[in-house]
Amino acid sequence: MVQIYLIATCVILALASRGTPRSAIDPSTDASSWILAAFPAALIILAAINSIACARFAVRMDRTGWAEAGWRAARVVVNLRFVALAAFALACLALNWPAAIRAQIGNPILIDEALAAAPMIAFLAWGWWAAHPIERRMSEARLYRALSEALPIPDLATRTASVLQRARESLGLVLIPAALATAAHECLTRATPSIAHYLAARGAPPPALEASLAALWLVAIALVFVLAPALIRRTWDASPLGPGPSRDAIDLVLRVRPARVRGPLLLDTHASSINALVLGTLFPFRYMLFTRPLLEALPPRELAAVAAHEIGHIRLAHIPWLCAAVFAAALASSWLLIAVATAFQLDPASDRATIAFALSSLPIIALVFGFVSRRFEWQADAFAAKALSQISSPLLASAPYAAAAPVQPDAPVQPDAPTPPSSSNPSVRPRITAHATLALVDALQTVADVAGVRVDARSFRHGSIAYRQSRLRALVDAPLGTLPIDRICRAVKIVASLALLAGIAPFAIELAAAF
């Protein structure tokens with residue numbers, strides 16, 4: 001996902017702004033001019049390689065009908081983005097790229113950071129531009145299929161419109177909160193002398209300044225974390241989902257598993273963006289969105305399964321716990337690296353040590369993020385299977401399951417009401433049904449088919465679709481109570497909580513001792 005590269009870009013810029021390594025080139029010399037030219041030139045060369053590779057894949061696709069062209073093009077784009085990120089890290093941490101820009105324009109709030117990140121952001125967008133001809137051919141193939149099978153006609157956006165829409169949806173998801181956090185940090189840094197003067201005038205001890213700045217920074221981050229989704233939602237082309245079978249299927253799941261969320265909202269996107277997501281952590285700044293291609297591709301029973309999956313993320317608090325796990329991994333790796341530095345008699349507070357610590361921590365944080373994210377996805381899948389097993393409605397019936405699960409008339413459904421036990425044997429516990437698990441299995445398959453994704457392709461955040469389908473099939477006839485994945489995720493939350501407490505405790509003890 002492009003968001004990972006954006007987050008890494010922001011982290012590298014933050015590290016480069018902390019201080020300049022002694023081996024870096026002095027931006028005040030004439031060398032800054034060639035730095036300003038060398039780094040963008042390297043990205044231009046990588047962009048040319050990207051375009052040539054995708055063009056060759058498109059030609060081969062036209063000549064032979066090569067079905068794997070889209071997958072191969074995506075791999076090329078991912079690999080070149082990784083190379084570009086490495087070049088960006090080298091330019092920032094070794095050649096002092098941000099300082100070279102500041103030597104030309106000064107240090108206005110957000111402007112220098114935006115210019116420093118602009119070449120990397122442009123390269124990420126160029127990957128979409130280069131791969132669009134292949135995606136266009138795949139969309140045209142889906143168009144012929146839709147015409148022959150009387151399915152909804154997919155929208156064939158132009159190259160420019162497709163890239164701009166992807167940039168608005170994917171880049172804004174990271175850049176808006178990153179820009180707000182950066183602006184808050186710069187404003188707080190510039191206000192530090194005034195805060196110090198205010199505290200000194202009231203006789204506050206010296207540690208009070210550091211504690212006050214830390215408290216203000218935490219408040220600013222919390223506000224960004226809570227309010228940014230509202231700004232992101234305004235930049236997207238989202239509107240309330242109107243009445244119809246799709247809305248009925250989503251509302252049906254919300255009656256069984258209520259969640260405080262605004263929506264469902266319809267998100268107008270390009271034809272290959274088939275997705276559903278929850279944006280935000282706290283109501284009323286939390287939204288449930290469904291892209292138009294997803295709503296057009298999924299029948300009501302599969303859409304209900306997708307909605308139940310997203311509601312699972314809300315009710316199980318996956319987003320806050322994922323952030324907590326990542327923060328705990330960052331704290332744990334920091335203390336580990338500080339211990340290593342102390343053992344080798346190094347200064348952990350130096351700029352060079354800070355950069356080395358951060359770069360060494362990134363792989364640990366990434367591994368924890370992927371590990372926790374995949375298990376939360378599996379738990380949300382299990383949550384959806386349990387939720388759909390408690391629904392009996394003609395809206396969720398379909399031909400494959402008509403014989404296995406006869407349709408019952410609609411009846412009022414109490415929130416979180418368990419399926420009643422069998423009248424012949426009241427001791428029988430409610431269990432996950434086959435039609436519930438297979439609804440989500442079919443939804444995942446439809447998403448893969450429409451998006452042109454191989455089911456065995458691995459995803460860092462979600463795992464492969466094939467593996468998720470196999471886990472869902474294994475849930476058939478399992479009790480509706482606590483499942484093994486629920487116990488695993490509970491253990492993850494406990495470990496994250498303990499790691500957070502262990503990481504924060506030294507700071508709290510030091511601050512208490514200072515006062």
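What counts, and at which threshold
Residues numbered from 1 in each chain as written. Predicted model: local features only at pLDDT ≥ 70, side-chain atom pairs only at ≥ 80, totals over all residues. Heavy atoms only, no water. Helix = DSSP H or I, 4+ residues; strand = E, 2+ residues; numbered from the N terminus. Buried < 20%, exposed > 50% of the residue type's maximum accessible area, 1.4 Å probe, protein only. Contact = heavy atoms within 4.5 Å. Areas by Shrake-Rupley, 256 points an atom, 1.4 Å probe, with all protein chains shown as cover. Core = buried A, V, L, I, M, F, W, Y, C linked by side-chain atoms within 4.5 Å. Salt bridge = Lys/Arg side-chain N within 4 Å of Asp/Glu carboxyl O. Pairing = 2+ DSSP bridges. Axes fitted to C-alpha atoms, helices over the stretch in contact; angles between N-to-C directions. Arc of directions from axis to C-beta. Expected span 1.5 Å × (residues − 1). Bend = angle between axes of the 7 residues up to and from the residue. Phe/Tyr/Trp six-rings, centres within 6.5 Å; stacked < 30°, edge-to-face > 60°. Parallel < 35°, antiparallel > 145°, perpendicular 65-115°, else oblique. Nonpolar A, V, L, I, M, F, W, Y, C, P; charged D, E, K, R; others polar. Patch = residues over 30% accessible without salt bridge, like charges linked within 9 Å, V, L, I, M, F, W, Y side chains within 5 Å. pLDDT = per-residue confidence, 0-100.

1. Here we look at the overall build of the protein chain
When you go through the protein chain residue by residue, the secondary structure sums to 16 helices and four strands. Evaluated residue by residue, the protein chain yields a buried proportion of 43% over its 515 residues. The contacts in the protein chain between residues at least 6 apart in sequence include a share of 78% that link residues at least 24 apart. Looking at the protein chain as shown, the accessible area adds up to about 25800 Å², and 66% of this sits on carbon and sulfur atoms.

2. Some words on the nonpolar core
Core analysis: the largest hydrophobic core is formed by 57 residues, its most contacted members being Ile 250, Phe 290, Leu 294 and Leu 388. In terms of residue count, helix H13 (residues 351–388) provides more of this core than any other element does, nine residues in total. Discounting chain neighbours no more than four positions away, the residues touching Leu 294 are Ile 274, Asn 275, Ala 276, Leu 303, Val 306 and Val 447.

3. Some details on the pattern of salt bridges
The final tally for this structure, using the stated rule, is 12 salt bridges. Among the ionic pairs, Glu 302 bridges to Arg 301, the shortest N-O distance being 3.9 Å. No difference in accessibility class separates Glu 302 from Arg 301, as the two residues are buried. Of the charged contacts, one joins Glu 377 and Arg 468 as a salt bridge, the two residues approaching to 3.8 Å between their closest N and O atoms. In this pair, Glu 377 sits in helix H13 while Arg 468 sits in helix H15 (residues 465–473), placing the two residues 91 residues apart along the sequence.

4. Considerations on the pairing of strand E2 (residues 262–267)
Bridging between strand E1 (residues 238–240) and E2 involves three bridges; their strand directions are antiparallel. When the sheet's bridge partners are listed, Ala 238 is paired in E2 with Leu 267.

5. Section: the sheet that holds E1
On the basis of which strands lie adjacent, the open sheet formed by four strands has the order E1-E2-E4-E3 and mixed pairing. What marks the edges here is a single partner per strand, and that holds for E1 and strand E3 (276–279). Across this sheet, the average inter-strand angle for adjacent strands is 35°, counted without regard to direction. Pairing analysis gives four bridges linking E2 to strand E4 (residues 287–291), with the strands arranged parallel. Note that in E4 the partner of Leu 266 across the bridge is Phe 290.

6. Thoughts on the pairing of E3
Across the two faces of E3 the burial is the same, with Ala 276 and Val 278 and Leu 277 and Leu 279 all buried. As defined by bridge partners, E3 adjoins E4 across four bridges and the pair is classed as antiparallel. Paired with Ala 276 across the strands is Phe 290, a residue of E4.

7. Details of H15
Those residues of H15 that fall on the buried side of the exposure criterion are Ile 465, Arg 468, Gln 469 and Leu 472. Down the axis of H15, the buried set is contained in an arc of 100°. They therefore lie on one face.

8. Quick look at helix H8 (residues 207–235)
Helix length check: H8 (29 residues) gives 41 Å between terminal C-alpha atoms against 42 Å at 1.5 Å per residue, within 8%. Along its length, H8 reaches its greatest deviation from straightness, about 40°, at Leu 227, and the proline Pro 229 lies no more than four positions downstream. Of the surrounding elements, those touching the buried residues of H8 are helix H6 (159–190), helix H7 (192–201), E1, E2, E3 and E4.

9. Some remarks on the packing of aromatic side chains
Inspection of the entire model under this criterion finds five aromatic pairs. For the ring pair Phe 39 and Phe 88, a centre distance of 5.7 Å and an interplane angle of 45° mean the geometry is tilted. With Phe 39 in helix H2 (residues 31–64) and Phe 88 in helix H3 (residues 69–93), this residue pair connects regions lying 49 residues apart in the sequence. Its relative accessible area of 0% is what places Phe 88 among the buried residues. An angle of 25° between the planes, with centres 6.2 Å apart, marks the rings of Trp 126 and Trp 129 as stacked.

10. Some points on unusual backbone geometry
For the bond running from Gly 263 to Pro 264, omega is 10°, close enough to zero to count as cis. The backbone phi angle of Leu 110 is positive, close to 75°, even though this residue is not glycine. Following the sequence through the fold, Leu 110 ends up in the loop between helix H4 (97–105) and helix H5 (111–149). The backbone phi angle of Asp 477 is positive, close to 75°, even though this residue is not glycine. Inspection of the secondary structure puts Asp 477 in the loop between H15 and helix H16 (484–514).

11. Overview of the side chain of Arg 301
Among the structural elements, Arg 301 can be located in helix H11 (residues 300–315). Judged by its relative accessible area of 7%, Arg 301 falls in the buried class.

12. Side note on the packing of H6 against H7
Describing two packed helices takes the angle between their axes plus the distance from one axis to the other. Running from N to C, H6 and H7 cross one another at 50°; their axes reach a closest spacing of 4 Å. Between H6 and H7, the angle falls in the class oblique. Contact residues: Leu 188, Thr 189 and Arg 190 in H6; Thr 192, Pro 193 and Ile 195 in H7. Among the residues forming the contact of H6 with H7, the class breakdown is three nonpolar, two polar and one charged.

13. Looking at the packing of H11 against helix H14 (residues 434–451)
Contact pair H11 / H14: the axes reach a minimum separation of 8 Å and the direction vectors enclose 95°. Relative to H14, the element H11 is oriented roughly perpendicular. Contacts from Arg 301, Glu 302, Ala 305 and Val 306 of H11 reach H14 at Leu 438, Ala 439, Leu 440, Asp 442, Ala 443 and Thr 446. Grouping the amino acids of the contact of H11 with H14 by side-chain chemistry returns six nonpolar, one polar and three charged.

14. Considering the environment of Cys 323
With respect to the helices and strands, the residue Cys 323 is situated in helix H12 (residues 318–343). When the C-alpha positions of Cys 323 and Phe 369 are compared, they lie 8.5 Å apart, and in sequence the two are 46 residues distant.

15. Concerning a nonpolar patch on the surface
Among the surface-exposed residues, Met 1, Ile 4 and Phe 460 lie close enough to one another that they form a single nonpolar patch of about 280 Å² accessible area. With respect to the helices and strands, Ile 4 occurs in helix H1 (residues 2–18). Judged by relative accessible area, Ile 4 falls into the partly exposed class, the value being 38%.

16. Digging into the confidence of the model for the protein chain
The predicted model of the protein chain has a mean per-residue pLDDT of 81, with 83% of residues at 70 or higher. Low pLDDT (under 50) marks residues 20–24, which in the prediction has 10 contacts with non-local residues, meaning those over four places away or in another chain. Contacts from residues 399–424, a stretch scored under 50 in pLDDT, to residues over four places away or in other chains number 35 contacts.

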